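Each chain, letter by letter, is given below.
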Amino acid sequence: MWVYPEAAAAVEETPGIHNFGVYWIKNVNSGKCIQEAVPLDGANVFQSTYNGYNYQKWLFTYNGNGIYIIKNMNSGRMMDIYNNAPDNNANVNVWQNNGTDAQFFRIRRNTDGTYSFLTKSSNFSKVLDIDHGSMDDGGNLLQFTDQGSANQKFTLELCPAMGIEENATYFIKNVYSGRYLDVSGGIDANMQNVFTYAYNGNSSMRWKILRNSNNTYKLRSALGNRVLDVTGSNLD
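As the structure is a computational prediction, the values presented were derived from the model and not from experiment.

**Student:** Could you clarify how one ought to interpret the overall build of the protein chain in this entry?
**Tutor:** The number of helices and strands found in the protein chain is zero helices and 17 strands. When the 236 residues of the protein chain are sorted by exposure, 38% land in the buried category. A separation threshold of at least 6 residues defines the contact pool for the protein chain, and within that pool the share at least 24 residues apart is 54%. On the protein chain, roughly 13300 Å² of surface is accessible, and the fraction owed to carbon and sulfur atoms is 49%.

Rendered as structure tokens:
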């Protein structure tokens with residue numbers, strides 16, 4: 001007779017977090033944003049009053065098995081547990097992407113809608129924590145035993161599209177051909193064909209880029225309110 005162990009339950013993506021979404025990470029206790037100090041390997045990570053700069057913005061990428069990597073939008077470096085230490089008070093810094101456990105996190109959505117960041121360095125027994133519940137700018141981010149306290153909980157606020165202005169129109173150029181998306185005949189109508197054409201500056205080539213609630217985008221023609229659409233949702 002053979003006895004097989006039960007398969008471990010699959011760990012999935014965290015509800016409410018968009019893969020490739022860019023977020024401000026705000027501590028529940030202080031209301032301040034998590035940021036990197038400078039764009040260098042080993043630079044400290046701490047909390048500070050919101051200012052909107054890229055060093056307070058973080059890109060979340062799902063890496064499978066419930067794991068996320070978190071990249072700073074200023075330096076391109078990853079949030080990282082220093083020396084991959086499993087201990088309480090291990091510091092959080094940024095480092096080049098190296099694929100080690102020090103840069104892997106599981107993100108738990110709490111019943112109050114906040115998030116806790118469990119570190120793989122500690123085998124997910126510890127979470128990110130603002131040291132001593134500091135309310136001040138410069139309050140340090142470190143790793144500590146999960147206690148469910150407010151200084152260990154965070155909210156995630158989705159950032160606007162990087163470099164895309166909400167009310168601006170854009171010309172969209174194909175890299176291969178050098179030609180631009182264009183609505184055939186400049187006609188604002190359903191089912192009107194869209195192709196690429198040499199630049200002419202007409203409104204038929206102008207598009208608004210609009211963010212959807214799921215962090216995808218749609219292209220709206222400047223001719224009216226119609227958006228780019230694949231006929232019949234064809235996958236071919």
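Now, onward.
**Student:** Could you clarify how one ought to interpret the side chain of threonine 61 in this entry?
**Tutor:** Within the secondary structure layout, threonine 61 lies in strand β4 (residues 58–64). By relative accessible area, which is 17% here, threonine 61 ends up buried. Residues in contact with threonine 61, not counting those within four places in the same chain, are Asn19, Phe20, Ile67, Tyr68 and Ile69.

**Student:** Got a minute to help me understand the nonpolar core in this structure?
**Tutor:** As a rule of thumb, nonpolar side chains are buried together in soluble globular proteins. Of all hydrophobic cores here, the largest spans 26 residues; its most connected members are Ile25, Phe60, Met79 and Phe117. Per-element tally for this core: the top contributor is β4, with three residues. Ranked by size, the runner-up nonpolar core spans seven residues in total, among them Ile67, Met78, Phe104 and Phe124.

**Student:** Can you walk me through the environment of leucine 118 in this structure?
**Tutor:** Tracing the sequence through the fold places leucine 118 in strand β9 (residues 115–119). C-alpha separation for the pair leucine 118 and phenylalanine 104, spaced 14 residues apart in sequence, amounts to 8.7 Å. Dropping the residues within four chain positions of it, leucine 118 is found in contact with Phe104, Phe105, Arg106, Arg108, Phe124, Lys126 and Val127.

Calculation rules
Residues numbered from 1 in each chain as written. Predicted model: local features only at pLDDT ≥ 70, side-chain atom pairs only at ≥ 80, totals over all residues. Heavy atoms only, no water. Helix = DSSP H or I, 4+ residues; strand = E, 2+ residues; numbered from the N terminus. Buried < 20%, exposed > 50% of the residue type's maximum accessible area, 1.4 Å probe, protein only. Contact = heavy atoms within 4.5 Å. Areas by Shrake-Rupley, 256 points an atom, 1.4 Å probe, with all protein chains shown as cover. Core = buried A, V, L, I, M, F, W, Y, C linked by side-chain atoms within 4.5 Å.

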